[in-house]
Amino acid sequence: MDYLRTLGSAAVSTLVQKSGLNLPFSLGPKVSSFEGICSLYDATKRDDGSPVSVFEYEFGDASRRHLKSFAQNTLRKLRTTRHPDILKFLDAVETDSAIHIMTEPVLPLRASLSNWSTRAAQEREDWLLWGLHRISVALAFLNDTCASTHGRICINAIFITPSGEWKLGGFELLSSPRDDTSVLYTTGGLFPGSSAQAPPEVKKQGWASIKNNDPAAADGYALGILLQVVFNPSHSPLATLDPPHPPPQATHRGAIPPAIFNVFKKLLTPNPKARLTPKGFLEIGMDETGFFNTNRLVKVCNGLDNFALNNDAEKNALIKMLKDSVSSLPPEFASHRVLPSLVSALEYGGASAANIVPLVLQFGANLPPEDYSGAVLGPVVKLYSNMDRGTRMALLDHLPDYVDKLDKKTVSDKIWPNLQTGFSDTVAVIREATVKSIIHFAPKLNDRILNNDLLRLLAKMQVDSEASIRTNTCILIGRLGPSLGYNTKRKVLVPAFVRALRDVFVHARVAGLMAFMATIDCFDTEDIASKVIPNISPTMVDKEKLVRDQAFKAIDLFVKRLENHAAEMVIRSLIYSLLLISLCSQPETAATNPEEVQPGASTGLVNTAAGAAGVLASWAITSLGKKVSTN
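Residues numbered from 1 in each chain as written. Predicted model: local features only at pLDDT ≥ 70, side-chain atom pairs only at ≥ 80, totals over all residues. Heavy atoms only, no water.

As recorded in an unreviewed UniProt entry, the protein chain goes by the name Protein kinase domain-containing protein, listed as coming from Amanita thiersii Skay4041.

This is the structure:
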């Protein structure tokens, strides 16, 4: 555990030393501190290494004993309160001197606001409204369903996930009026900074007065202050925070959208009975033309969350909106919020799945390689087992977008067993798309599949009822030819192309001729003379001029190949003859007369093939000349 001592957490070091506990996390660097109450650390789970966050509350010193009740309240409430917009509790370690709470990985809102300050104004406004919408939903849940007051709605109680979503935390003061001993009513005033943003009734009568009002009233006031802070972080505190609590003026609006400003003022109403609650704020924003309902990030999230329940028209509208927004959505939102939801929606299949596949590939395009495999490739590969034809077509149509990221084992073991069913599909479009896809998959198929299973299936495709499939199959075999094994080439190529030459479809015959020409290097000269040219020859009198013209070009190409080969044979024969003559003219004993030594014969060994050829050529010619002259 020595590594823990170097990371700045004395509480963790002491905890490990004294108790010998096996902590569920490995603590990383410190991220931030909040009001002297707690510190936030990056961390990783010990069991699987996944990223998490750890909130550390230290109260071992006598000067910090009063903070223990706040830490314990946080742990108790966070452990029992579950909601999608509330910080997700994972685990905790509690001792007499500290409490460590492990949650989903997050960053403080304050840091994220700083990062978003450089974004375009509209993009920043969309993100802020989306975040405020999520916090309003969380508060409505706490106030109504849980009948509780959060009591600490501020920038330090909100955290941001990797997807850019806002999560509500800061449960140090969360209390229910049904519990007279709750920390908010008894020791709320001891919490650092609590009085600065307390509602007017608290400043006048104390924290216990909150029990006499709607649990949402105090949170509504704090929500109004939060709204001002996130839209105008550089502005000074509002005058409405101090008696006599005047309403905000138009000059104070700053970057707050005009549609929200009047509602914002209602949140800051001094009278708690007349004050707008978070739920009321949420309802106004979600009206048909409300500021939340028209926010594109809110619309996207709502559409994704309710995708399974939406009708076809609603699904198609969402898909269209996503297509139009691929390049304009915040990158973290697209990668970590939209993409996982789209992948999850794929399980519903049908036409929607077919439309979602290209979106998954588009939104996943910017993921780093280490994330792409799990987030995109895994679900896409799994879809090949889906029998829906629309889904299969979408996978094949967009194959170039992801095939380069597939490895051989995945293609051969997971995709091929399902892909091959497409060759026998009763729908011709599927059969043709399957044939066309092979050119992309071929480099990633193992030798057994490429030289055996695939060729057997392609042989059936060459007698398909659809002329275009027969033609494309011939073209495919022609393109695969160079990658086939030597014996496979000799057995398969000529019969396959001859079958195309005899096809009733004119373009299939042309494809056969072009396939012969494209694979000329795959044939031995003997096969060209005895098999290729004899089978091509009949097409020179084909009834279709297109075929005849191509046939003459093919014959010309192969005849030239034979002529070149014949010329090479003459040269090789001459070299062989000259070499043979020179060898026959060798004396039975070593030459002793320097004049009888042939050029190059005693100059040492040659080091290159070119040198050897030069020596042999001069040696043979000289020998032949001497032999003739002596006669």
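A. A look at the pattern of salt bridges. Tallied over the full model, the rule gives 27 salt bridges. In this structure, R152 and E35 form a salt bridge, with 2.4 Å as the shortest nitrogen-oxygen distance. Placement of the pair is R152 in the loop between helix 5 (121-145) and strand 7 (158-160) and E35 in the loop between strand 1 (25-34) and strand 2 (38-45), with a sequence separation of 117 residues. Given the relative accessible area of 29%, E35 is considered partly exposed. Residues joined by salt bridges that share partners form a network here, namely R490, D524, D527 and K531. (Salt bridge = Lys/Arg side-chain N within 4 Å of Asp/Glu carboxyl O. Helix = DSSP H or I, 4+ residues; strand = E, 2+ residues; numbered from the N terminus. Buried < 20%, exposed > 50% of the residue type's maximum accessible area, 1.4 Å probe, protein only.)

B. Broad picture of the packing of helix 5 against helix 11 (residues 296-305). Between helix 5 and helix 11, the shortest axis-to-axis distance is 8 Å and the interhelical angle comes to 50 degrees. Considered as vectors, helix 5 and helix 11 are oriented oblique to each other. Of the residues in helix 11, those touching helix 5 at D126, W127, W130, H133 and R134 are R296, L297, V298, C301 and N302. Residue composition of the contact of helix 5 with helix 11, grouped by class: 5 nonpolar, 2 polar and 3 charged. (Axes fitted to C-alpha atoms, helices over the stretch in contact; angles between N-to-C directions. Parallel < 35°, antiparallel > 145°, perpendicular 65-115°, else oblique. Contact = heavy atoms within 4.5 Å. Nonpolar A, V, L, I, M, F, W, Y, C, P; charged D, E, K, R; others polar.)

C. Main features of the nonpolar core. Grouped together as the largest cluster of nonpolar side chains are 167 residues, with contacts concentrated most on F55, W166, F281, L322, Y402, F441 and F516. Element by element, the count of residues in this core is highest for helix 5, at 12 residues. Membership of the second largest hydrophobic core comes to 9 residues, among which are L23, F25, A43 and V52. (Core = buried A, V, L, I, M, F, W, Y, C linked by side-chain atoms within 4.5 Å.)

D. Expanded view of the environment of G28. Here G28 lies in strand 1. Sequence-wise, G28 and Y41 are 13 residues apart; in three dimensions their C-alpha atoms are separated by 6.1 Å.

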